[in-house]
Amino acid sequence: MEPAMKNFFLFLSQNKALNQAAKKWGLRFGASRFVAGETIKDAITKVRELNKQGLSCTLDHLGEFIFSREEAIESADYCIKTLDAIHEAGVDSNLSLKMTSLGLDIDLELCKSNMRRILDTAKKYGNFVRIDMEDYSHCQVTLDILRELREEYDNVGTVIQAYLYRAEQDIEDLKGVPLRLVKGAYKESPEVAYPEKKDVDENYKKIIKQHLLNKSYAAIASHDDQIIAYTKQLVKEHNIPNTQFEFQMLYGIRTQSQVDLAREGYKMRVYVPYGNDWYGYFMRRLAERPANVAFVVKGMVSK
């Protein structure tokens with residue numbers, strides 16, 4: 001039942017018509033648990049609350065279905081406004097973004113131009129930008145653009161997904177680049193990704209160890225207690241300083257665990273999405289855990 005449910009929600013996440021309808025619904029039916037609000041003001045308020053609990057953040061203005069140059073430029077402008085707001089509010093937050101929202105599928109040069117505008121702003125404020133990894137079809141082009149940008153900027157990194165067979169080689173190629181390491185949340189072919197969870201978990205541990213022993217900065221983005229315990233033991237065994245890594249979790253998920261990690265002295269960063277283009281992100285959160293679906297159904301019944 002669980003794999004079928006996961007596939008169902010991943011299928012829905014790609015539905016453009018439902019995405020357009022979701023923008024009209026607003027953050028109903030439980031989405032507000034996983035999305036911090038629709039405006040920059042909403043997001044900054046949430047970040048400030050999280051900072052008070054000892055948690056760092058990364059803000060992501062959600063946007064996946066971009067159909068024109070104008071929309072891509074508008075999305076980039078919003079990323080810049082987000083960096084401005086972070087600086088003006090004096091909160092502890094980086095910026096995360098998806099390059100498809102900046103025109104990656106429309107015009108490669110437009111996307112790179114938008115990225116440079118964003119990185120120039122982040123550099124001015126001494127801030128960091130994380131390029132989120134998307135599905136496999138965007139993996140190579142994302143890494144190609146990252147390598148080009150890293151020749152000009154040191155305040156940009158990306159994400160490596162452990163379920164991809166190529167992850168280990170990508171980690172080696174990106175030695176020295178700050179990376180967020182994740183299991184992976186898209187539905188991929190067994191030709192490019194491990195189909196079994198146990199294999200994904202083992203590869204995840206392998207790339208965490210590989211990147212840390214390469215003396216590179218790693219963001220371990222997981223809600224899995226076994227992965228968190230593995231990382232704690234690994235850094236202890238190899239005398240890896242806490243300044244070389246951080247834990248990351250999603251806004252609205254395992255909130256007490258986030259606070260507990262911060263209290264233990266680890267850097268804990270919360271991925272905080274916001275905006276009205278929340279539908280695809282929300283569907284993937286439902287696909288990840290049946291408990292998330294149960295929460296939403298409960299919320300709908302109680303209204």
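Heads up: these notes are all about the structure in this document. (Residues numbered from 1 in each chain as written. Predicted model: local features only at pLDDT ≥ 70, side-chain atom pairs only at ≥ 80, totals over all residues. Heavy atoms only, no water.)

**A look at helix 6 (residues 139-150)**
Now for step 1: For helix 6, which comprises twelve residues, the first-to-last C-alpha distance of 16 Å matches the rise-based estimate of 16 Å (1.5 Å per residue) to within 8%.
Now for step 2: Within the span of helix 6, buried status applies to Cys139, Thr142, Leu143, Ile145, Leu146 and Leu149. For helix 6, the angular spread of the buried residues around the axis is 160 degrees, confining them to a single face.
Now for step 3: Buried positions along helix 6 lie against helix 5 (108-125), strand 3 (129-131), strand 4 (156-161) and helix 7 (167-173). (Helix = DSSP H or I, 4+ residues; strand = E, 2+ residues; numbered from the N terminus. Expected span 1.5 Å × (residues − 1). Buried < 20%, exposed > 50% of the residue type's maximum accessible area, 1.4 Å probe, protein only. Arc of directions from axis to C-beta. Contact = heavy atoms within 4.5 Å.)

**Notes on the sheet that holds strand 1 (residues 56-61)**
Now for step 1: Pairing is parallel in the closed barrel, where eight strands are placed in the order 1-2-3-4-5-6-7-8. Within the sheet, the average angular offset between the axes of one strand and its neighbour, ignoring direction, is 30 degrees.
Now for step 2: Both strand 6 (residues 218-221) and strand 7 (residues 245-250) contribute to a ladder of four bridges, which runs parallel. Paired with alanine 219 across the two strands is glutamate 246, which belongs to strand 7.
Now for step 3: Running over the sheet, helix 5 touches strand 2 (93-97), strand 3 and strand 4 and is turned about 150 degrees from strand 3.
Now for step 4: Sheet contacts for helix 8 (residues 197-213): strand 4, strand 5 (179-182), strand 6 and strand 7; angle to strand 5, the most-contacted strand, approximately 160 degrees. (Pairing = 2+ DSSP bridges. Axes fitted to C-alpha atoms, helices over the stretch in contact; angles between N-to-C directions.)

**Here we look at the side chain of asparagine 94**
Now for step 1: If you trace the backbone, asparagine 94 turns up in strand 2.
Now for step 2: Within the local environment of asparagine 94, its side chain forms a polar contact with the side chain of asparagine 127, the two groups lying 3.0 Å apart.
Now for step 3: Those residues in contact with asparagine 94, other than ones at most four positions away along the chain, are Cys57, Thr58, Leu59, Ile86, Asn127, Phe128 and Arg269. (Polar contact = N/O pair within 3.5 Å; in protein donor to acceptor, adjacent residues only side chain to side chain.)

**As for the nonpolar core**
Now for step 1: Ranked by internal contacts, the top residues of the largest apolar core, which has 76 residues, are Leu97, Met115, Ile118, Ile160 and Leu181.
Now for step 2: Looking at which element gives the most residues to this core, the answer is helix 4 (residues 69-89), with six residues.
Now for step 3: Beyond its immediate sequence surroundings of up to four residues, methionine 115 is in contact with Leu97, Met99, Leu102, Ile131, Leu149 and Val156. (Core = buried A, V, L, I, M, F, W, Y, C linked by side-chain atoms within 4.5 Å.)

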